[in-house]
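# Chain and residue survey
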Amino acid sequence: MNRNEIIDLSWDDFDELRDPRPEENGFDQVVERAISRRGFLGGVLAFGSGATVFGSGLLSSATSARAQVSVFAFEPVGIATDFDIHVPAGYTWKPLVRWGDALFSEAEGAFSPETGVSVEMSDKVFGENTDGMELFEVDGKQVIAVNSEYVNPKVNLPEGSEGMPKNADEVVLLKHMQGVTVMEVADTGNGYEVVVDSPFNRRIHHDTQMTMDGPAAGSDLVKTKADPEGLSPKGTMNNCGSGKTLWGTYLTCEENFNGYFGATGAFEETEEFKRYGIGGEGRYAYEKHDPRYDLSQEPNEPHRHGWVTEIDPADPQSTPVKHTALGRFKHENAEMVQAADGRIVVYMGDDERGEFMYKFVSNGTWAEGQPTDGLLSDGTLYVAKFNDDQSGEWLPLTPETTGMSLEEILVFSRMAGSKVGATTMDRPEWIAANPLRVEAYCALTNNKNRGLKTNAGGDETPVSGPNPREANHYGQIVRWRPEGEDHGADAFTWDLFVMAGNPEVHDDAYAGSPNVTPGNMFNSPDGMAFDTQGKLWIQTDGEDSNEGDFAGMGNNQMLVGDPETGEIARFLTAPNGAEVTGLCWSADRKTAFVGIQHPGGSWPDGAGKPRSAIIAVWREDGELIG
Ligand code: FEO
Ligand code: CA
Ligand code: CA
């Protein structure tokens, strides 16, 4: 497969290139084994009204709630297969910002439908492929920090490049279109707009100067020729999900960083590189034009990526900080909550088939107005173990439990997790904590290898616990309640809030849980966020062919779920080709900002190149959404 074909792969299929799986089992065998799990599935979805069995309690109350009166104040939208956005009657949407839109007046008109954006203007416009985002209130202004996860070089490089940068300038163009945008937004009276030239506006990209803190900062593992101290990395890359600290800063999460590295000469293919999918050719040929991405010249550079990076959106001069204490893996998002004693807890997923769920717990405690120094650089990293009896525990990753040094534990967290027997998961995407109850939810998006192939470290991926279906192409959402209603506790109980599936195609476990119906079905839950009313918003990044196993599901979508009844309703459908990712609300909570990534066709302009964009959605009567 050449580099031009590699560009067309999804990031998870890119993983398979480096780590191919053995021949699949026959489909009949897959289904038979899944059905045999139904006895076990009867034991999940147990929270809610105290029920302990499937089909009574939570789920029957969900069904009856739907039959009588929905908890949601909107009429759900049907599926769509077109290249437009659809929202419920009584709601309106419009684009807030598209990639290439100016953040500064000097870049007004910089985007051309034919040629995209020039390298000179590329760090003065909104980046491509919008993802996680959070809104901050700063001095009475509203400031959004938002990720640009990756680029589609076949869309945004000049025609003659054929989707691959042909010189150093074109590499710079790609580097600038990714990373993070900080921008002020304001309500014009007819929806929100970006405040061009706001002093808060800022682009942070693959070449922006950063610092590192925590136990792995300054270690030999992160030193390079350009940074012999190992304290001054450049760039944050493949910024996927997000988080918001309790003290009002932004957390950007570095996910598929491995794909940016390649080698122009010999390099040592270590076990650690293999576990993280590093080697061979980089996706964008950066290594041909920038030695920082060349494994034969800077073998430690990949160790400086795959972190959670903190950015202060209130200070455009601030230097972003990579927090090594939170571990290095393909970070999805970072959900911060507080333990009962005031310690900081950050829940995090590692989005790759068969990888783990983590939590960081600070040593220090915090309360409003207190200093935050050390909170994200001094603490313990844990990994989740789920048991089939719906109990679970957080296992600490320490030199004692792993036999690794603390620096190694943090830089090679996946290997530390394997040593303590963490549960291999179906691609942990976003984690969201319920603001009204001490519980958290993780979207396990899908895992076609479940039960069929080990993870990249050789750990088995048995059909069990919260990963109950072999060759799982629909996904599920697991939730857990920590012991003693304390996010700092080591023990928890869990259930599945929903198991996605297709009840029109299947009548077994692949039909999904009973709160999935022909009217709300979806696949591949990914982005998630709670609103202030305790409703769980779910965004999908799945198969939108509307065929076969996915018939009747249509385009990717955003739904809302009720943690109490299990009811789920479809709120929005995306243009074909797009995933829905990234969600935050205006300060008055009356406008939702929703990310539309990699749309197809020519959305949203109707002509020229498709452009990822954030849309604003609001209720025409000015009431709260949902
Ligand atoms: Fe960038 Fe796992 O999604
Ligand atoms: Ca995602
Ligand atoms: Ca995804």
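Residues numbered from 1 in each chain as written. Chains lettered and ligands numbered in written order. Predicted model: local features only at pLDDT ≥ 70, side-chain atom pairs only at ≥ 80, totals over all residues. Heavy atoms only, no water.

## A closer look at the overall build of the protein chain
Put simply, the test is: In DSSP terms, a helix is any run of H or I states spanning at least four residues, a strand is any run of E spanning at least two, and both are numbered starting from the N terminus. Both definitions apply: the radius of gyration is a C-alpha atom measure, and the globule rule equals 2.2 Å times residues to the power 0.38. To sort residues, take the accessible area from a 1.4 Å probe on protein chains only and compare it with the maximum for the residue type: under 20% means buried, over 50% means exposed, and anything in between is partly exposed. Here the Shrake-Rupley method, with its probe set to 1.4 Å, supplies the accessible areas, and only the displayed protein chains count as covering residues.
When its secondary structure is counted, the protein chain shows eleven helices and 27 strands. At 23 Å, the protein chain has a C-alpha radius of gyration in line with the 25 Å of a compact globule built from 626 residues. The dimensions of the protein chain, computed from C-alpha atoms along their principal axes, are 60 × 60 × 55 Å. By residue count, 62% of the 626 residues in the protein chain fall in the buried class. With the model as given, the accessible surface of the protein chain reaches about 21,000 Å², and the carbon-plus-sulfur share is 47%.

## A few points about the coordination of the calcium ion (ligand 2)
What counts is decided by this rule: Each metal's donors comprise the N, O and S atoms found within 2.8 Å of it (within 3.2 Å for Na, K or Ca). Water is not part of the atom list, so some coordination spheres may appear incomplete.
Each protein donor to the calcium ion (ligand 2) is listed here as Glu332 (OE), Glu429 (OE), Asp526 (OD) and Asp526 (OD); together their distances run 2.3 to 2.7 Å. Here the donor residues of the calcium ion (ligand 2) are spaced in sequence according to E-x96-E-x96-D. Separation of the calcium ion (ligand 2) from the calcium ion (ligand 3) amounts to 3.8 Å, with Glu429 serving as a shared donor to the pair. Residue Glu332 is found in strand β12 (residues 331-338), and its partner Asp526 is found in strand β21 (residues 525-530); the two are separated by 194 residues along the sequence. When sorted by exposure, Glu332 lands in the same class as Asp526, which is buried.

## So, the coordination of the calcium ion (ligand 3)
Glu429 (OE), Asp526 (OD) and Asp541 (OD) make up the full set of protein donors to the calcium ion (ligand 3), lying at 2.3 to 2.4 Å. Counting along the primary sequence, the residues that act as donors to the calcium ion (ligand 3) give the motif E-x96-D-x14-D. With a relative accessible area of 2%, Glu429 lands in the buried category. What makes Asp526 buried here is its relative accessible area of 3%.

## Quick look at the packing of aromatic side chains
Put simply, the rule is: Pairing of aromatic rings covers Phe, Tyr and the six-membered ring of Trp, with a centre-to-centre limit of 6.5 Å; geometry is then stacked below 30 degrees between planes, edge-to-face above 60, and tilted otherwise. Put simply, a charge is over a ring when the Lys NZ or the Arg CZ is close to the ring centre, within 6 Å, and near the line of the ring normal, within 35 degrees.
Counted according to the given criterion, the structure contains 30 aromatic pairs. The ring centre of Trp11 lies 4.1 Å from the NZ or CZ of Arg283, which sits over that ring. Positioned above the aromatic ring of Phe111 is the side chain of Arg611, whose terminal nitrogen or guanidinium carbon lies 3.6 Å from the ring centre.

## Section: the pairing of β21
Convention followed: Two strands pair if DSSP finds at least two bridges between them.
Most of β21 sits out of view: six of its six residues are buried. Pairing of β21 with strand β22 (residues 536-540) involves four bridges; the strand directions are antiparallel. Note on β22: the bridge partner recorded for Met528 is Ile538. Between β21 and β22, which pair antiparallel and follow one another directly, the connecting turn spans five residues, one of which, Gly534, has a positive phi of 85°.

## Considerations on the pattern of salt bridges
Basically, it comes down to this: Salt bridge, as used here, is a side-chain nitrogen of Lys or Arg placed within 4 Å of a carboxyl oxygen of Asp or Glu.
Overall, the coordinates contain 42 salt bridges when judged by the stated rule. Across the pair Lys166 and Glu170 runs a salt bridge whose closest N-O atoms are separated by 2.4 Å. Residue Glu170 is classed as buried on the basis of its relative accessible area of 7%. A salt bridge links Lys223 to Asp220, with the nearest nitrogen and oxygen atoms 3.0 Å apart. Residue Lys223 is classed as partly exposed on the basis of its relative accessible area of 30%. According to the relative accessible area criterion, Asp220 is exposed, its value standing at 59%. Taken together, the salt bridges that share partners define one network made up of Asp12, Asp13, Glu16, Asp19, Asp351, Arg353, Arg427, Glu429, Lys448 and Lys453.

## Notes on the sheet that holds strand β7 (residues 211-213)
Through backbone hydrogen bonds, the strands of a sheet pair up, either in parallel or in antiparallel fashion. Note the threshold: Throughout, an axis means a line fitted to C-alpha atoms (over the contacting stretch in the case of helices), and angles, computed between N-to-C directions, take values from 0 to 180 degrees.
Spatial strand order, β7-β11-β10-β9-β8: five strands in an open sheet with mixed pairing. The open sheet terminates on both sides in strands that have one partner only, identified here as β7 and β8 (239-244). Ignoring strand direction, the axes of neighbouring strands in this sheet form an average angle of 30°. Note: β8 against strand β9 (residues 250-254), four bridges, orientation antiparallel.

## Description of the environment of Gly241
Put simply, the rule is: A contact between two residues is defined here by any heavy atoms of the two lying within 4.5 Å.
In this fold, Gly241 is placed in strand β8. Remark: the alpha-carbon pair of Gly241 and Val146, spanning 95 residues in sequence, is separated by 9.1 Å. Those residues in contact with Gly241, other than ones at most four positions away along the chain, are Asp131, Gly132, Asn147, Leu251, Thr252, Cys253, Glu332, Asn333 and Trp430.

## Remarks on the pairing of strand β18 (residues 440-444)
Among the five residues that make up β18, five are buried, leaving the element largely enclosed by the rest of the structure. Burial of the side chains of β18 extends over both faces: Ala440, Cys442 and Leu444 are buried on one face and Tyr441 and Ala443 on the other. As judged from the four bridges shared by strand β17 (residues 428-433) and β18, these two strands associate in the antiparallel manner. Across the sheet, the residue bridging to Pro428 is Leu444, located in β18.

## Digging into the state of the cysteines
To keep it simple, the criterion reads: In what follows, a disulfide is any cysteine sulfur pair within 2.5 Å.
For the structure shown, the criterion picks out zero disulfides. Of all cysteine sulfurs in the structure, the one in Cys240 sits closest to Cys253, which takes part in no disulfide; the separation is 7.7 Å. Free cysteine Cys442: the closest other cysteine sulfur is in Cys240, separated by 12 Å.

## As for the side chain of Glu310
The condition is simple: We treat Lys and Arg as the positive residues and Asp and Glu as the negative residues; His and chain ends play no part in the count. Whenever two N or O atoms come within 3.5 Å, that pair is a polar contact, provided that in protein one can donate a hydrogen and the other can accept it, and provided that, for residues adjacent in sequence, both atoms are side-chain atoms.
Among the structural elements, Glu310 can be located in strand β10 (residues 308-311). Buried charge Glu310 goes without a salt bridge, the closest partner of opposite sign being Arg202 at 12 Å. Here the side chain of Glu310 touches Trp247 through a polar contact of 2.9 Å, side chain to side chain. For Glu310, the residues in contact, after removing those within four places along its chain, are Thr245, Trp247, Thr249, Tyr250, Leu251, Pro320, Val321, His323 and Leu376.

## Structural notes on helix α7 (residues 168-176)
Buried residues of α7: Glu170, Val171, Leu173, Leu174, Lys175 and His176, and no others. For α7, the secondary structure elements touched by its buried residues are α6 (153-156) and β6 (202-204). With a side-chain oxygen lying 3.1 Å from the backbone nitrogen of Asp169, the N-terminal cap of α7 falls on Asn167.

## Re unusual backbone geometry
In terms of backbone geometry, most residues other than glycine have negative phi values and most peptide bonds are trans. Along the chain, Trp603 connects to Pro604 via a cis peptide bond; the corresponding omega equals 0°. Inspection of the secondary structure assignment puts Pro604 in the loop between β26 (591-597) and β27 (613-619). The phi dihedral of Glu162 is positive, around 50°, even though this residue is not glycine. Inspection of the secondary structure assignment puts Glu162 in the loop between α6 and α7. In the Ramachandran plot, His598 falls in the positive-phi region, its phi being about 40° despite a non-glycine side chain.

## A few points about the nonpolar core
For the record, the criterion: In this text, buried Ala, Val, Leu, Ile, Met, Phe, Trp, Tyr and Cys residues form a nonpolar core when linked through side-chain atoms within 4.5 Å.
Ranked by internal contacts, the top residues of the largest apolar core, which has 67 residues, are Tyr260, Tyr284, Val346, Met348 and Leu376. Setting aside its immediate chain neighbours within four residues, Met348 contacts Val308, Leu326, Phe329, His331, Asn333, Ala334, Met357, Tyr358, Lys359, Phe360, Leu381 and Ile431. Counting 25 residues, the second largest nonpolar core, distinct from the first, contains Trp537, Met558, Phe571 and Leu572.

Function cannot be inferred from these measures alone, as they are strictly geometric.
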